[in-house]
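What follows is the residue order along each chain.
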Amino acid sequence: MAQHEFQTEVQQLLHLIIHSLYSNKEIFLRELVSNAQDALDKLKYLTVSDDAYKGIALDPRIDLSFKKGADGKGSTLTIADNGIGMNEADLIDNLGTIARSGTKAFLDRLSQDAKRDSNLIGQFGVGFYSAFMVADKIEVVSRKAGEDKAYKWVSDGKSGYTIEEDGRESQGTTVTLHLNEEGEEFANRWSIEDIVKRYSNHVAFPIYLTYDEKEWDDKGKEKGTVIKTDRINSGTALWRRNKSELKDEDYKEFYKGISTGGGHDSDEPLFYVHTRAEGTLEYNTLFFVPQKAPFDMYHADYKSGVKLYVKRVFITDDDKELLPTYLRFVRGVIDSEDLPLNVSREILQQNKILANIKSASVKKLLGEFKALADKAESGSDEDKKKWDTFITEFNRPLKEGLYQDWANKDALEELVRFKSTAVDGWTSFAAYTSRMKGGQKHIYYISGGTADTLKASPLLEAYKAKGIEVLIMDDEIDEIVMPSVREYAKKAGDLEQKWEIRSVNRAGADEDITGDDDKKDAKEKEKEARPVIEKIKNALGDRVKEVKLSKRLTDSPSCIVADENDPSFQMAAMMRAMGQTLPDVKPILEVNGGHPLVARLKDEEDAVKIADVSSVLLDQALLVEGQKLHDPADFVKRLNRLLG
């Protein structure tokens, strides 16, 4: 018998489970049944796809049984399956360590709500350990399919675990829980049946419960007991049933019970989309949108939330090609009638059938998102709240689709939302164009900082003065997305109107909002300000690309913009952070000729004062735009001299 220590993270997790998460203990059975289902799914797939396993006779099933202890103590509960099974190495890998970095994220997501926290156990892929909420010892006997030896894993959840050879007639796994005082209530037929029906009724394999039933004679006296075995789940793949025979509660319970992105969600789904396609292609899809973004949505190794089945045979839940990356928050099932059962991952990536299912599924989902948005505009407060939740959680990944999915770009442009200088909350391109002033030819936006910083930017002064709305792009991804979204088109019947989308952070953007009279006036002002501009240029030297008299400033003394051919300052910073080498992006400094700080340079001949004023004009413009100063100490020194 070999003694092993738990991985440090497992010890932390076990301590937390045993001492903190008792309020929703019943989820342990959901997790163990889910593990048994996965084991059966894997073996069923191998028996049709791998010659080494085709000789295994498989009658897949999950068996539950219990024994009551004397005086309500020492009871056991057993969960057995005839799935893929585990050998010694598998037992160590699966039960002694946590392969994914789920524990730290699990701990980070804990709240003070014990019921919610216990549901997180499944979400982070550590469901087996939830059994220690109700057991003071667990025995696992397992034999891997195709191998002769079986092994027993035993642990009390505290002092590590032991592994030794054992016996088992066929492949599969038997988990026996030695129930503690907290778990005695689950050595009960009605408790087990209720939990299975609530959480695991959809499991495609039969789940049987074996129990002792008392027999009575015709006079009502007990005459003995008989051992009975009943199937306690319906075993119907819910996604293959007609929508007309399903209730909203059926979908919600199915969602809570399936493994979604590594586990289970204790909340109800925000909404779901159930489709059955018949014709050239036959398939069923059932997709769910969660109320909260998955914890790993922005991780490079995020877990796919969609399972692929072929004729109800589980194929994979780890293929990120089933839906595009920007829809990685979607959970659910794709079940095809046309794919071959022995399809490999490499074949999947190039399979035309799956590509067509994927394309149709994306269009269906985007159509449902649009329908939700339309209902929110004219619907109830509940519809508005649902849409606001959706866009708050998933607006950012949808924006990724604008440069990932050219085929659905038009649909995505109708879905993405932005903040604005004109309205509170979210707004769309369509809503923006409906509020446009007469004669306005472009959609304007500003990017490169927080919403509060952008709304206070000097770059907006002329737009505010003229009553022109500007979209606030305060998400880092906007810097990547918006340059690829060059125009927005809106159709009304057979007519289509287009607007170019322009950044106010760019040089020349102010030309669009300058009228003919303003341009004549600007030429006179430029001529008058030329000596001042030259002084500032000479003082700043190669710190700037150019110095110009601004047409957009009304109150502030200066602002910075990027040249049309240069990346934005924020984009340049992001590129450097990703390890790309590029030369410094020099700003164009625009100055307000009517501001006292600029006007004082007209008659100033002192080179030191000219240099101080010019540097302060540039540095404060950089600060307002959230940029770092090259030499903060120099800025303070110059500012103090000017104030002295």
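Refer to the preceding data block for the structure.
Everything in this summary refers to the structure shown in the same document. (Residues numbered from 1 in each chain as written. Predicted model: local features only at pLDDT ≥ 70, side-chain atom pairs only at ≥ 80, totals over all residues. Heavy atoms only, no water.)

Describing the sheet that holds strand 18 (residues 487-492)
Note the cut-off: Strands pair, by our definition, only if DSSP identifies at least two bridges between them. Secondary structure elements are taken from DSSP: a helix is a run of H or I of four residues or more, a strand is a run of E of two residues or more, and numbering for both begins at the N terminus.
In spatial order, the strands read 15-17-16-19-18; together these five strands make up an open sheet with mixed pairing. Each edge of the sheet is formed by a strand with only one pairing partner; in this case those strands are strand 15 (419-420) and strand 18.

What about the pattern of salt bridges?
For side chains of opposite charge, pairing can occur when their charged atoms come near one another. Spelled out, the test is: The salt bridge criterion pairs a side-chain nitrogen of Lys or Arg with a carboxyl oxygen of Asp or Glu, the two atoms within 4 Å. Only protein chains enter the area calculation, which uses a 1.4 Å probe; residues under 20% of their type maximum are buried, those over 50% are exposed, and those in between are partly exposed.
Counted under the stated rule, the structure contains 41 salt bridges. A salt bridge links Glu-213 to Lys-228; its shortest N-O distance comes to 3.5 Å. Note that Glu-213 is positioned in strand 8 (residues 207-216) and Lys-228 in strand 9 (residues 222-231), a separation of 15 residues in sequence. Using a relative accessible area of 27% as the deciding quantity, one classes Glu-213 as partly exposed.

Some details on the side chain of Lys-399
Put simply, the rule reads: When checking whether two residues touch, look at their non-hydrogen atoms; a contact exists if any pair is within 4.5 Å.
Here Lys-399 is to be found in helix 10 (residues 381-404). Residue Lys-399 is classed as buried on the basis of its relative accessible area, which comes to 4%. The contact partners of Lys-399, leaving out residues within four places of it in the chain, are Val-416, Arg-417, Phe-418, Asp-475, Ile-477, Asp-478 and Val-481.

Digging into the side chain of Thr-162
Within the secondary structure, Thr-162 is located in strand 6 (residues 161-166). Those residues in contact with Thr-162, other than ones at most four positions away along the chain, are Met-1, Ala-2, Gln-3, Lys-152, Trp-153 and Val-154.

Focus on the sheet that holds strand 10 (residues 271-277)
Heads up, the rule is: Axis lines are fitted through C-alpha atoms, for helices just across the contact stretch, and the angle between N-to-C directions can take any value from 0 to 180 degrees.
Within the open sheet, the five strands sit side by side as 10-11-14-12-13. Their pairing is mixed. Each edge of the open sheet carries a strand with a single partner, namely strand 10 and strand 13 (313-316). Put simply, the sheet's adjacent strands are angled 20° from each other on average, direction ignored. The sheet contact formed by strand 11 (residues 283-289) and strand 14 (residues 331-336) spans six bridges and is antiparallel. Counted as the bridge partner of Leu-286 is Val-333 from strand 14.

Some thoughts on the pairing of strand 4 (residues 135-143)
Summarising burial for strand 4: seven of the nine residues are buried, a large majority. Across eight bridges, strand 4 lies against strand 7 (residues 172-179) in antiparallel orientation. If you follow Glu-139 over to strand 7, its bridge partner there is Thr-176. In this sheet, strand 5 (residues 150-155) lies alongside strand 4 in antiparallel orientation, the contact comprising six bridges. Note on strand 5: the bridge partner recorded for Val-140 is Trp-153. Counting the residues between successive antiparallel strands, the hairpin from strand 4 to strand 5 contains six residues, one of them, Gly-146, with a positive phi of roughly 85°.

Side note on helix 10
Spelled out, the test is: The length a helix should cover is 1.5 Å for every residue beyond the first. The angle between axes fitted to the seven residues ending at a residue and the seven residues starting there is what we call the bend at that residue.
With 24 residues, helix 10 should reach 34 Å at 1.5 Å per residue; the first-to-last C-alpha distance of 33 Å fits that figure. In helix 10, a bend of some 60° at Phe-394 exceeds every other bend along the element, and Pro-397, a proline, comes one to four places later.

Here we look at the packing of aromatic side chains
For clarity, the threshold we go by: Only Phe, Tyr and Trp rings take part, Trp by its six-membered ring, and two of them pair if their centres are within 6.5 Å. Stacked means planes under 30 degrees apart, edge-to-face means over 60, and tilted covers everything else. Consider the ring centre and the ring normal. A charge sits over the ring if Lys NZ or Arg CZ is within 6 Å of that centre and within 35 degrees of that normal.
Overall, the coordinates contain 22 aromatic pairs when judged by the stated rule. What links up through ring pairs into an aromatic cluster is the set Trp-239, Tyr-251, Phe-254, Tyr-255, Tyr-272, Phe-288 and Tyr-309. Over the aromatic face of Tyr-302 sits the side chain of Lys-320, whose NZ or CZ is 4.4 Å from the ring centroid. If you follow Arg-396 out to its NZ or CZ, it ends over the ring of Tyr-298, 4.8 Å from the centre.

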